[in-house]
4 protein chains.
Amino acid sequence: MKVKTPPMGWNSWDCYGAAVNEETVRRNAKYMAEHLKEFGWEYVVVDIQWSEPTAENHVYHPFTELCMDEYSRLIPAPERFPSSAGGKGFGPLAEYVHSLGLKFGIHIMRGIPRQAVHRNTKILGSSHTAREIAKTNSICAWNTDMYGVDPEKEGAKEYYDSIFRLYAEWGVDFIKCDDIARELPHEEAEMILLSDCRKNCGREMVLSLSPGPALLEKAELYKQYAQMWRITDDFWDNWESLYAMFERCEKWSIHNGAGHWADADMLPVGAILQDYSKDNRTKFTRDEQRTMMTLWCIFRSPLMIGSELEGLDDFTKGLLTNAGILEMIRDARHSHQVWRREIDGIEYVLWTAVSSKGGTYAALFNVGETEGTADIPLTDLEIYENAHLTELWTGEEKADTDRLKVKLNAHGCAAWLIR
Amino acid sequence: MKVKTPPMGWNSWDCYGAAVNEETVRRNAKYMAEHLKEFGWEYVVVDIQWSEPTAENHVYHPFTELCMDEYSRLIPAPERFPSSAGGKGFGPLAEYVHSLGLKFGIHIMRGIPRQAVHRNTKILGSSHTAREIAKTNSICAWNTDMYGVDPEKEGAKEYYDSIFRLYAEWGVDFIKCDDIARELPHEEAEMILLSDCRKNCGREMVLSLSPGPALLEKAELYKQYAQMWRITDDFWDNWESLYAMFERCEKWSIHNGAGHWADADMLPVGAILQDYSKDNRTKFTRDEQRTMMTLWCIFRSPLMIGSELEGLDDFTKGLLTNAGILEMIRDARHSHQVWRREIDGIEYVLWTAVSSKGGTYAALFNVGETEGTADIPLTDLEIYENAHLTELWTGEEKADTDRLKVKLNAHGCAAWLIR
Amino acid sequence: MKVKTPPMGWNSWDCYGAAVNEETVRRNAKYMAEHLKEFGWEYVVVDIQWSEPTAENHVYHPFTELCMDEYSRLIPAPERFPSSAGGKGFGPLAEYVHSLGLKFGIHIMRGIPRQAVHRNTKILGSSHTAREIAKTNSICAWNTDMYGVDPEKEGAKEYYDSIFRLYAEWGVDFIKCDDIARELPHEEAEMILLSDCRKNCGREMVLSLSPGPALLEKAELYKQYAQMWRITDDFWDNWESLYAMFERCEKWSIHNGAGHWADADMLPVGAILQDYSKDNRTKFTRDEQRTMMTLWCIFRSPLMIGSELEGLDDFTKGLLTNAGILEMIRDARHSHQVWRREIDGIEYVLWTAVSSKGGTYAALFNVGETEGTADIPLTDLEIYENAHLTELWTGEEKADTDRLKVKLNAHGCAAWLIR
Amino acid sequence: MKVKTPPMGWNSWDCYGAAVNEETVRRNAKYMAEHLKEFGWEYVVVDIQWSEPTAENHVYHPFTELCMDEYSRLIPAPERFPSSAGGKGFGPLAEYVHSLGLKFGIHIMRGIPRQAVHRNTKILGSSHTAREIAKTNSICAWNTDMYGVDPEKEGAKEYYDSIFRLYAEWGVDFIKCDDIARELPHEEAEMILLSDCRKNCGREMVLSLSPGPALLEKAELYKQYAQMWRITDDFWDNWESLYAMFERCEKWSIHNGAGHWADADMLPVGAILQDYSKDNRTKFTRDEQRTMMTLWCIFRSPLMIGSELEGLDDFTKGLLTNAGILEMIRDARHSHQVWRREIDGIEYVLWTAVSSKGGTYAALFNVGETEGTADIPLTDLEIYENAHLTELWTGEEKADTDRLKVKLNAHGCAAWLIR
């Protein structure tokens, strides 16, 4: 049986916003295949607005004209994805990504294009039309492209069937569906319809729901209908957001596992926001970047790199290819926070997980504002005998001890495999 | 290092209410030593109103006269605890319990007796008086014995020191402190003072906080200052309360371990409410009782028997001495709910934990209203290879399987050790 | 100085929904001029969807094509309003209504047509376009015609100026603006802009805000920027809604007066819902209709008749032309509820007001479910001397009394002028 | 028929707190009779703790011993009220007050003395005892004297009957009952019992409920069972509290009249807080004091002077005896706020009422922080003809005008009778 682990890959959003194009995707896919694939990185995902001819950065164009086929289905803008011309859609690009031994993903918005509704265009496999299935007062708060689809209307299922069959033809492996995760109380039925149509489309596709924060009281629903769901609004490179993620992860940890993953969002590392400036770099300190990677891995969040990969600097490459830390994303089970407390005026958070290969993982985070030395007995982890420690970032070993003792910078961390 | 596991014992409340007396305690302690001790049962706890001469059942007497020493400290009523006469307090009874190889616990209420405040009596080790340390508008909603103590007042610490030193002299091993767990937002400082005075009293005592529901957002505080805290109001023998416990346990599970335990309350099994009728028996069905024991054990709640032990019937004795189930309370680690979902119209809950002896625990509960057969792949537990199952209630084994398949009665359950 | 009193008139909604047409308006205006004008009835209001060629009843057509001029301004559909052909808009119809000695009103929706935004059409007097001033995530929850206008955008003021100048050219006296009254917390700035553009358009127009419930905490804002604002969602002919109006009126009463009026909505009397059936009649009992008229008049709500006027039955005509009751809408001042209480198991509500012509008004409502006789001392109204009573529905007089004594049917009422 | 107007008088609290004594009461009563009675001041009220021998200022003594008769009824402490010795209670003091042509009032707390409950003393006219009728978890949040009484217990009615009959024997005309007005959701039944026992005690007594804020949604209940109820917590001499009173009065205005009055609390003017210092004076400016008096009078709040009366300074005496302003408290009807708005950056509030003698009252308040000149058309008051104005504080007249034009200091006001 295939072990299910959180998806790992690259997504175009942090770096290129709505302006991602074919050349960018090919370049990053190539880099991933050559340098990162061996460490488990696998998905290449084209984020939002690929059907809009004129998108140029992270800003959305309201009411702009989108590329659409005669059946109300958005298709890639050939201006930006030249290989899609002539009705080929994302087929050629997916083929290229597959040829590198990687998987191909795309972003979609819940619903049906407004322009299809206004023009009242056709739906494949149904005598009903776009206007008839639209949910007229269901719109996205931050993007004008779509209306929601009313799952109770005849033609709604046919529409969702038709788009997923198109994606299957293209060879899509991963769908990031937006305007849906935190809309569940209202749009639950549309999410279920959409997920079911995906399951029945003839090709296996990961379903990733955005944006967060997802609703904890709907956890069982996300687990049942999706592989990933965002537990936060868009995550960027500032400490306040990273600090806040500890509580989100604490609350969601028991829902991770067996192919369904609470998603702490992309890793804004390296070169990001390149649609604004070629020189933009993450504002996270190195300690903060290690803390982020450690938390995401022990918590088992999906990992999606935000950086432009070409020309990746050594630090960031090391961060993304540290074998010790990445073993947690594959091997950790039963992850959870142990405690969060002040010691000598500094706030620490302790996490643990079991390794499926034997032993126990622990990660200690200094989430305070000054350097400190923590000295934690292994009994806090319910380990009642002396043990052997391997620190996962450094490989440093310590034999026959009953304590985790470590000096940590502000916002820094350490992680151990304990046997 | 001593492995810390949830306290197990007997408590007088479910059976005798406020009317517990010395003879009852001795009789149950003796039975426990002879029949239950070998299975891990250890604490004998005298619950509420032991200082009240006239208590006769579960009903409290408002404003009744309590036995108190000259220092505002409640002492046992000699009418009900004859060995306490002559200022010996619970010393002789504790000595008897200890002689059986067991541990001795008592109930207290947060605060200082109202009668001490009204008479303005002395506090040992302080020139301040009862009235000076009372928090005048802090009263228990359901019992008239006490006023809260204002931790900011001089004399407050001396009062709490004086009562815990008295309990240490008596030989008390366990304090169930009432009117405090769910009062935390208001009475946090009093809880901390009380807990600290207990730590410094010269004798190790388990601190158990009541009544619930404790406040999830205060979890770190309970973990730091107490060994047990009630996550529910008084739990009795009806399915609605047992059903509701699944959600309570789901939310609290990550806070259990390493000597601090979320407490799902007493086990209302066997012969309870004997202060009303000698013939009273639990209204739980046998399935429900197994479900309760299984949930409490895999969740690792403390276990406190509610039944009169003398003449314990065979079913109840079997329930409380099933070695397979009880190994979970000692060996389970990282307990958590896996999912809760409907299958064929029946609601099931799946729990898991890791065994410190190797292997994985799983428990499946049919919380629906009809019998059903569930067939759960081991991959739901992130077990990706065929495994060997031992059902813990029956000892039944199944080799080389990739599924948990079982027929369960309404409100019934099964539990497995999976290797 | 002209005394300001609540507007009274006829509105097409209750009877014809979205399907009102020119012939209907002319017919009802003519009836009003001949039969009702002398009692104070004055406004003839064309309600929603007059720019939609195909509207046929109370159901809205999502995303339908509307008649619009080149400057993004909706104009009447000539299919339904033939006199508007050739760019004349509502000018000829307004002229006809004025020729009868009446005033002419129209309904509008807050915002700018979606079709203007999608086509990005021009705005009169501005170099900016429809798309540039639209507030992209501000839509009506129940109608798909418009997007909100962002008052901070350049061109927004020019748009609103341009539509009100057009209405002034047509000769409009009354604007019922929809999707705005209960949206105030979000759309306050748009309401203020719209109201100011109206004030400066060169013609006096009553501004009526819909739909309710308006927000009590914004009362001063409504009073400052509008003449009427709906305090309820659409009001129809059922007792539950009429019963609920008593509390609404109690809370809003002190905000009525001096040209600003809390609006309890249209009077669903006589022949309503004629777009469905020519035979539809109000479901209110006669007692309930008198209770409605009495409450609306003593509270001083605007009065808008919902019935088709042609062929008005005698009861309804009497209801709408009772001089005694209608004097309250002109002469009442300082209206307010006195009390609401149970007497002999029946709930009554007592209202009072001062008459600007001298004397005190009182209205007593039996809002219970059985007939009852109430006997209320005048001292409840702070009248401490014997007085002379005139019952306003019947004209019955009673001299030298200190009591209001009356038998009332369930849902019935009486009203008095007390001197 | 006697016109009902809001009670006016003097209360000991603002000046003497819990330490009021007989000499003080006699002195102030004498002053009132000689200097204020002619202006309508009538009640002399002994506030809290008259049964406590040792009370000395505004601080309560927790759990102190109170004077009580054998039937659990509190009686005046003879140390502070010498004439009460020998079982005479407040009889002699009431007789003195009556001899001056004034009325006599006392303060009570809801409930039964804790000391009666603890000693389990008798209840007059019942075989039940104090402990049996106490509601054990109903205590006052700020005073330790009483437990609530459970109205469902036998003996509860007899207890309340017995205290009101005692007060009737003493000659009490006014009861200020504390710990009850804002406790209504919980203690409604006790309030009703208490009020009914008062009505049936054989002597007419005003019932005044404290402390506030009373609950607006219970308005009809206060109106039915009491003559006054506090709409605010204790009101003292600071602008923030006075500013906040405008909104309280706006909301409560329609509930005032016909013998039931929303109470804006005592007037902290002149010499207050004399239990701390003989030289203490109100911190309100003169403008603020006039604003307070004007609002209380046009709103028709009861008026209770807080100052020591002996040696009253000229300004304060003028404030309390201005005939123009005080005519509003007798003659105003239908009082209500007209609007609250900013003019030229200054916030103003406009109130109006009708005079039962003819004409309209108006009061304009500058509640902003700078001086300003307001110019308000009479049409805002629905007066549509030129009128004659008399300013009530100054007596200044203005004929034939259509405006209220006035310069007002920050926190200042003007009031007019308009004919």
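Data block above holds the structure.
Residues numbered from 1 in each chain as written. Chains lettered and ligands numbered in written order. Predicted model: local features only at pLDDT ≥ 70, side-chain atom pairs only at ≥ 80, totals over all residues. Heavy atoms only, no water.

1. Quick notes on the overall build of chain A
Stated precisely, the cut-off is as follows: Here a strand is any run of E in DSSP of at least two residues, a helix any run of H or I of at least four, and the numbering for each starts at the N terminus. Only protein chains enter the calculation, and the probe is 1.4 Å; a residue is then buried if its accessible area is under 20% of its type maximum, exposed if over 50%, and partly exposed in between. The criterion used for residue contact is that any of the two residues' heavy atoms lie within 4.5 Å. Note on areas: Shrake-Rupley, 1.4 Å probe, and residue coverage restricted to the protein chains presented here. Counting rule for charge: Lys and Arg are taken as positive, Asp and Glu as negative, and neither His nor the chain ends is counted. Positions of charges follow a simple convention, taking NZ of Lys, CZ of Arg, CG of Asp or CD of Glu.
Within chain A, the regular secondary structure consists of twelve helices and 19 strands. The buried share of chain A, taken over its 419 residues, is 65%. Considering only residue pairs separated by 6 or more positions, chain A has 72% of its internal contacts joining residues 24 or more positions apart. Accessible surface, chain A as shown: approximately 14900 Å² in total, 47% of it carbon and sulfur. Of the charged side chains in chain A, 46 are positive and 65 negative, and the gap between their average positions amounts to 3 Å.

2. Some details on the relation of the copies chain B and chain D
Our working definition: To superpose the copies, least squares is applied to the C-alpha atoms of every residue with a pLDDT of at least 70 in both.
For the pair chain B and chain D, the best superposition has an RMSD of 0.0 Å and corresponds to a rotation of 179° with a translation of 0.1 Å parallel to the axis. Read as a symmetry element, the transformation amounts to a two-fold axis. Of all interface residues in chain B, 100% are interface residues in chain D too; the two copies therefore contact each other through one and the same surface.

3. Describing the pairing of strand 2 (residues 43-46) of chain A
Residue and element names in this part refer to chain A. In plain terms, the rule: Strand pairing is defined by DSSP finding a minimum of two bridges between the two strands. Handedness of a crossover: with both strands directed away from the viewer, a clockwise path from the first strand across the helix to the second marks it as right-handed.
The alternating pattern of strand 2 places Y43 and V45 on one face and V44 and V46 on the opposite face, and all of these are buried. Summarising the sheet, strand 1 (residues 8-11) and strand 2 pair through three bridges and their orientation is parallel. Residue pairing in the sheet places G9 in a bridge with Y43 of strand 2. Of the strand pairs in this sheet, strand 2 and strand 3 (residues 103-109) are connected by four bridges, and their pairing is parallel. The residue of strand 3 that forms the bridge with Y43 is K103. Following the backbone out of strand 2, through helix 3 (residues 91-99) and into the adjacent parallel strand 3, one traces a crossover that is right-handed.

4. Regarding unusual backbone geometry
The amide bond that connects G212(A) to the next residue, P213(A), takes the cis arrangement and shows omega of 5°. Tracing the backbone shows P213(A) in the loop between strand 8 (206-209) and helix 8 (219-225). P211(B) follows S210(B) through a cis peptide bond whose omega is -20°. Despite not being glycine, H334(C) has its phi angle at roughly 55°, a positive value. Residue position: H334(C) is located in strand 12 (residues 332-343). The class of H334(C) is buried, set by a relative accessible area of 10%. Even without being a glycine, F63(D) presents a positive backbone phi close to 60°. Locating F63(D) in the fold gives a position in the loop between strand 2 (43-46) and helix 3 (91-99). Judged by its relative accessible area of 8%, F63(D) falls in the buried class.

5. Let's talk about the nonpolar core
Selection rule: To form a nonpolar core, buried Ala, Val, Leu, Ile, Met, Phe, Trp, Tyr and Cys residues must be joined to one another through side-chain atoms within 4.5 Å.
I106(B), F164(B), I106(D), F164(D) and Y167(D) are the most contacted members of the largest nonpolar core, which totals 258 residues. If we skip the residues at most four places from it in the chain, F164(D) touches I108(D), I175(D), L194(D), C197(D), R198(D), C201(D) and M205(D). Among the nonpolar cores identified, the runner-up in size contains 257 residues, and C201(A), A168(C), I298(C) and A363(C) belong to it.

6. Considering the interface of chain B and chain A
As a reminder of what qualifies: Two parts placed together each lose some accessible area; with a 1.4 Å probe, that loss summed over both constitutes the buried area. Think of a salt bridge as a Lys or Arg side-chain nitrogen and an Asp or Glu carboxyl oxygen that are within 4 Å of each other. Pairs of N or O atoms are called polar contacts if they sit within 3.5 Å, as long as, within protein, a hydrogen donor faces a hydrogen acceptor (for residues adjacent in sequence, only side-chain-to-side-chain pairs).
Between chain B and chain A, the contact holds 31 residues from the first and 31 residues from the second. The largest share of the area that chain B buries against chain A comes from M1(B), H334(B) and Y384(B), three residues that together contribute 28% of it. Taking the shortest distance from any N to any O, the salt bridge between E382(A) and R300(B) comes out at 2.7 Å. Summed over the shared surface of chain B and chain A, the result is twelve residue pairs in polar contact (both at pLDDT 80 or more). Of all elements in the fold, only helix 8 (219-225), strand 12 (332-343) and strand 13 (346-355) of chain B reach the threshold of two or more residues within the side of chain B that touches chain A. For the side of chain B that touches chain A, the element with the highest residue contribution is strand 12 of chain B, accounting for seven residues.

7. Observations regarding the interface of chain B and chain D
Listed by partner, the interface residues are 15 residues for chain B and 15 residues for chain D. Taking both partners together, chain B and chain D bury about 1200 Å²; carbon and sulfur atoms supply 65% of that area. Of all residues in chain B, F63(B), R131(B) and T136(B) give up the largest surface area on contact with chain D, accounting jointly for 44% of the area buried on that side. Summed over the shared surface of chain B and chain D, the number is zero salt bridges. Our count for the chain B to chain D interface comes out at seven residue pairs in polar contact (both at pLDDT 80 or more). Among the elements that take part in the side of chain B that touches chain D, strand 5 (residues 134-139) of chain B stands out by supplying four residues, more than any other.

8. Here we look at the pattern of salt bridges
Residues and elements named next belong to chain A. Inspection of every chain in the model, using the stated rule, returns 135 salt bridges over all chains. For E371, the salt bridge goes to K407, with nearest N and O atoms at 4.0 Å. With E371 in the loop between strand 14 (360-366) and strand 15 (372-377) and K407 in strand 18 (residues 403-408), this pair connects stretches of sequence that are 36 residues apart.

9. Side note on the side chain of D178(B)
Among the structural elements, D178(B) can be located in strand 7 (residues 174-178). Setting aside anything within four residues of it in sequence, one finds D178(B) in contact with I48(B), H107(B), I108(B), M109(B), R110(B), W142(B), S210(B) and P211(B).

10. So, the packing of aromatic side chains
Two aromatic rings are characterised by how far apart their centres lie and by the angle between their planes. Filter applied, for reference: Each pair of aromatic rings taken from Phe, Tyr and Trp, with Trp reduced to its six-membered ring, is defined by centres within 6.5 Å and is described as stacked if the planes are under 30 degrees apart, edge-to-face if over 60, and tilted in the remaining cases.
Under the definition given, this model contains 80 aromatic pairs over all chains. With 5.2 Å between their ring centres and 50° between their planes, F235(D) and W296(D) make a pair best called tilted. With a gap of 61 residues between them, F235(D) in the loop between strand 9 (228-230) and helix 9 (239-252) and W296(D) in helix 10 (residues 286-299) connect regions that are remote in the sequence. Take F235(D) and W296(D): they sit in the same class, and that class is buried. Site record: aromatic cluster; members linked through ring pairs are W50(A), F81(A), F90(A), F104(A), F164(A), Y167(A) and W170(A).

11. Quick look at the pairing of strand 17 (residues 397-401) of chain C
Residue and element names in this part refer to chain C. Here strand 16 (residues 387-391) runs beside strand 17; their pairing, made up of three bridges, is antiparallel. Within the sheet, the bridge partner assigned to L389 lies in strand 17 and is K398. Hairpin connection between strand 16 and strand 17: a loop of five residues separates the two successive antiparallel strands, and G395 in this loop has a positive phi of roughly 80°.

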